[in-house]
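# Coordinate inspection notes
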Amino acid sequence: MFARFDCQAVLKRGALVLTMLSALAAPALAAPCGDDGAGFSAWVSDFRKAAAAQGISARALSALDNVQYDTGVIRLDRNQRHFSVSFEEFIAKRVGAGRISQGRAKLKQHADLLARIESRFGVPGPVLVAIWGMETDFGANQGNKPIFQSLATLAYDCRRSEFFTGQLLDALRILQRGDLSLGEMKGAWAGELGQTQFMPTSYVRFAVDFDGNGRADLIRSPADVLASTANYLRGYGWSGKSWENGANAGALAGWNKAGVYQKAIAYFASRIAD
């Protein structure tokens with residue numbers, strides 16, 4: 001999924017648009033890429049045509065009207081560091097006493113909601129609350145960066161063009177189906193959205209309307225946030241009630257591939273369930 005796109009093998013822009021239009025069922029659009037901003041405007045123009053052919057409305061595509069190549073996003077993408085710290089160092093920063101106390105309070109506050117979610121999706125409340133706390137401090141730090149500029153920049157960039165082109169297309173689908181407004185579609189620098197930081201493709205695949213208001217709102221609705229997170233974990237194979245001693249490791253790996261992160265979720269869940 002994260003393999004580098006081979007820019008040397010890319011076809012000329014005009015010919016590639018035809019390929020994009022023919023692959024209507026593909027989850028991600030093939031597209032020309034670039035290593036600087038020189039070809040960005042032409043790329044956006046081609047992408048809009050291909051997205052329209054996949055059923056994206058002109059209204060939704062207007063989200064791309066003012067996007068620009070974002071060098072800041074490229075810098076962040078190039079400077080990611082994998083979790084190389086020890087488990088002890090990681091939880092000292094991410095699962096301190098204050099957050100554990102908040103987690104216990106959230107578990108109690110949303111006890112009825114979490115029980116209904118577990119009944120439907122099979123994922124225990126402590127795991128969901130732990131993820132909620134670790135991702136955005138229970139919704140307090142969701143990010144405030146307009147995601148269409150980030151996603152368009154990363155989709156055009158050669159490093160992970162195919163992956164982010166699919167994410168950009170699904171972000172437009174979220175907007176088109178009315179889950180979020182354009183102004184609400186702000187998040188982290190790589191396009192993550194909501195209180196548990198869903199990438200757009202995960203949003204389209206797993207987000208659910210659990211509060212019954214007609215839209216899956218992962219920005220403001222704790223019911224939708226927690227139920228969607230449970231649906232995500234179930235989609236990656238969650239089974240049973242346990243998260244300890246390696247239980248459901250595969251589902252947690254579906255959430256985050258870093259072993260230290262998976263272990264921290266289990267640790268946090270156990271502490272708030274005490």
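Refer to the structure presented above.
Now for a look at the structure at hand. (Residues numbered from 1 in each chain as written. Predicted model: local features only at pLDDT ≥ 70, side-chain atom pairs only at ≥ 80, totals over all residues. Heavy atoms only, no water.)

The next subject is the packing of aromatic side chains. A ring pair, where both rings are aromatic, is described by two values, the distance of the centres and the angle of the planes. Taken as a whole and assessed by the stated rule, the structure comprises 16 aromatic pairs. With a centroid separation of 6.2 Å and 50 degrees between ring planes, the pair formed by F121 and F210 is classed as tilted. With F121 in helix α7 (residues 111-121) and F210 in the loop between α11 (200-206) and α12 (222-235), this residue pair connects regions lying 89 residues apart in the sequence. Judged on exposure class, the residue F121 and its partner F210 are both buried. Arranged with centres 5.5 Å apart and planes meeting at 65 degrees, the rings of F198 and Y232 form a pair that is edge-to-face. Of this pair, F198 sits in the loop between β2 (186-187) and α11 while Y232 sits in helix α12, and the two are 34 residues apart along the sequence. You'll find F198 and Y232 in the same group, each marked buried. Grouping aromatic residues by their ring pairs yields a cluster made of F40, W43, F47, Y69 and Y156. The lysine or arginine in question, R205, covers the ring of Y236, its NZ or CZ lying 5.8 Å from the ring centre. A cation sits over an aromatic face here: K263 above F87, 4.5 Å from the ring centre. (Phe/Tyr/Trp six-rings, centres within 6.5 Å; stacked < 30°, edge-to-face > 60°. Helix = DSSP H or I, 4+ residues; strand = E, 2+ residues; numbered from the N terminus. Buried < 20%, exposed > 50% of the residue type's maximum accessible area, 1.4 Å probe, protein only. Lys NZ or Arg CZ within 6 Å of the ring centre and 35° of its normal.)

As a further point, take the nonpolar core. If you look at the biggest cluster of nonpolar residues, it comprises 83 residues, and the most contacted ones within it are V127 and F148. Each residue touching F148, except ones within four places of it in the same chain, is listed here: A63, L64, V67, L168, A171, L172, L175, L182 and M185. (Core = buried A, V, L, I, M, F, W, Y, C linked by side-chain atoms within 4.5 Å. Contact = heavy atoms within 4.5 Å.)

Attention now moves to the state of the cysteines. This model, assessed by the stated rule, comprises one disulfide. Between the sulfur atoms of C33 and its disulfide mate C158 the distance is 2.3 Å. The chirality of the disulfide connecting C33 with C158 is right-handed, given an S-S dihedral of about 90 degrees. Here C158 lies in the loop between α9 (147-156) and α10 (161-177) and C33 lies in the loop between α1 (13-22) and α2 (40-53), a separation of 125 residues in the sequence. C33 gets classed as buried once you look at its relative accessible area, which sits at 16%. (Disulfide = S-S within 2.5 Å.)

It is worth spelling out helix α8 (residues 125-136) at this point. Between its terminal C-alpha atoms α8 stretches 17 Å, which fits the 16 Å expected from 12 residues at 1.5 Å a residue. By the burial criterion, the buried members of α8 are G125, P126, V127, L128, V129, A130, I131, W132, G133, M134 and T136. Of the surrounding secondary structure, the elements contacted by the buried residues of α8 are α5 (87-94), α6 (97-109), α7, α12, α13 (249-255) and α14 (259-273). Count one or two residues on from α8 and you reach D137, which has phi positive near 55 degrees. (Expected span 1.5 Å × (residues − 1).)

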